[in-house]
Amino acid sequence: MDGKLQRRVPRYGWDRAAEFYNSSWQAGLLPAHDQLLSMADPQAGQVVLDIAAGTGLVTSRLAVAVGPTGRVLGTDISDRMVGLATAGNDHQNVFFERMGAEELSVEDNVFDLSVCALGLMYVPNTTAAIAEMYRVTKPGGRAAISVWGPRNKCGWADLFPIVDAHVTSEVCPMFFHLGGEQVLENALVRAGFGYIQVDRISTEISFDNDNHALEAAFLGGPVAMAYNRFDGPTRAGVHAEYLASISAYKYGTKYRIPGEFVTAVATKS
Ligand SMILES: C[S@@+](CC[C@H](N)C(=O)[O-])C[C@H]1O[C@@H](n2cnc3c(N)ncnc32)[C@H](O)[C@@H]1O
């Protein structure tokens, strides 16, 4: 898939997913958000950038941390995400703007802290995105990135091949790559960052029943655009395949699906 198409798929895919995002993922992503905020350690008065901010779940917590003397800019490639984040924002010190992670329309050396929570896996050129984080962070400032761990640590990972079998190109070809050993560290070093600290946490993503698990997989996430184009029988087929792929994690009617999050924090010297 060429880079332009790889950007269109997440942009319009996430537009579709936006309204289902919080009900699908807010609870499950909480451990990653907590880990990112604890490692990033935002301080009162800081100017902070949240890249791929989605509905603003992390942005609003950053706003509380930096307080009224600080400022937070939340950015995302999806218009719908930016619209929902703006509509739900009740902090005076937070602004949202549509912007791709690989080309941030902000000046050099502006932010005390730049974060990206669970967004980098969808960016076609992660090197460019990390270089942008470096460029916009002040010397002495910090960057913090969270990604999902590798495929074998994420019990829902068959979702991608199940959907890919019905589309002409892979939905998220590099999704699990960033969570591999040393991958984030090496990428941060290549961008110029130092003092890198990485932490991995094992977690479980819970869903109340089949419908909740299916909503999160097919409506609230990155395969929403591909799924939207499937006809009824194809949808029924991918539902059955996906539920079979997570059946080992079913307890009664509920699911507890294992996952891993990796967070790295680094300093621009
Ligand atoms: C899983 S959501 C994460 C949202 C939020 N950071 C959170 O942790 O709740 C991924 C987000 O990445 C955004 N995204 C995907 N590709 C992007 C890109 N190239 N540039 C900026 N944002 C992008 C999507 O629109 C979506 O809102």
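Our structure's up above, just so we're on the same page.
The shown structure was predicted, so the numbers you read here are calculated from the model rather than taken from an experiment.

Asks: Requested: an account of the overall build of the protein chain, with residues and values cited.
Replies: For the protein chain, the helix and strand inventory stands at nine helices and eight strands. In summary, the protein chain has a C-alpha radius of gyration of 18 Å against a globular reference of 18 Å for 269 residues, a match within 12%. Taken along its principal axes, the extent of the C-alpha atoms in the protein chain is 55 × 40 × 40 Å. Taken over 269 residues, the protein chain has a buried fraction of 47%. The long-range fraction of contacts in the protein chain, counting pairs at least 24 apart against all pairs at least 6 apart in sequence, stands at 78%.

Asks: For the site of the ligand, give the residues involved together with the corresponding values.
Replies: The environment of the ligand is formed by 20 residues, the closest being Trp 14, Ala 52, Gly 54, Ala 101 and Ala 117. Among the elements that take part in the shell around the ligand, helix α1 (residues 3–40) stands out by supplying four residues, more than any other. In terms of residue class, the shell around the ligand is built from 14 nonpolar, four polar and two charged.

Asks: Explain the pairing of strand β2 (residues 71–76) to me, using residue names and the numbers behind them.
Replies: Taking burial as the measure, the six residues of β2 include six buried ones, the bulk of the element. Side chains Arg 71, Leu 73 and Thr 75 project from β2 onto one buried face, and the interleaved Val 72, Gly 74 and Asp 76 project onto a second face that is buried too. Inspection of the sheet shows strand β1 (residues 47–51) paired to β2 by four bridges, in the parallel sense. The residue of β2 that forms the bridge with Val 48 is Val 72. Regarding topology, helix α2 (residues 57–66) serves as the crossover connection from β1 to the parallel β2, and that connection is right-handed. The pairing of β2 with strand β3 (residues 94–98) spans five bridges and is classified as parallel.

Asks: Describe the nonpolar core, naming the residues involved and giving the relevant values.
Replies: The biggest cluster of nonpolar side chains holds 87 residues, and the ones touching the most others in it are Val 115, Cys 116 and Val 147. In this structure Cys 116 touches Ile 51, Ala 52, Ala 101, Met 133 and Ile 145, once residues within four positions along its chain are discounted.

Asks: Could you give an account of the environment of Arg 229, with specific residues and numbers?
Replies: With respect to the helices and strands, the residue Arg 229 is situated in the loop between α8 (224–228) and α9 (232–245). For Arg 229, a count of 9 C-beta atoms within 10 Å corresponds to the exposed category. Measuring from C-alpha to C-alpha, the distance between Arg 229 and Val 167 comes to 9.5 Å, with 62 residues separating the pair along the chain.

Asks: Run through unusual backbone geometry, naming residues and quoting values.
Replies: Positive phi, close to 55°, is recorded for Ala 52, a residue that is not glycine. If you trace the backbone, Ala 52 turns up in the loop between β1 and α2. Phi at Asn 109 is positive, roughly 55°, even though this residue is not glycine. With respect to the element layout, Asn 109 can be found in the loop between β3 and β4 (111–117). Assessed through the 13 C-beta atoms surrounding it within 10 Å, Asn 109 is described here as partly exposed.

The rules behind each value
- Residues numbered from 1 in each chain as written.
- Predicted model: local features only at pLDDT ≥ 70, side-chain atom pairs only at ≥ 80, totals over all residues.
- Helix = DSSP H or I, 4+ residues; strand = E, 2+ residues; numbered from the N terminus.
- Rg over C-alpha atoms; globule rule 2.2 N^0.38 Å.
- Buried ≥ 20, exposed ≤ 12 C-beta atoms within 10 Å, placed from the backbone.
- Contact = placed C-beta atoms within 7 Å.
- Near = placed C-beta within 6 Å.
- Nonpolar A, V, L, I, M, F, W, Y, C, P; charged D, E, K, R; others polar.
- Pairing = 2+ DSSP bridges.
- Right-handed = clockwise from strand over helix to strand, strands pointing away.
- Core = buried A, V, L, I, M, F, W, Y, C linked by C-beta atoms within 7 Å.

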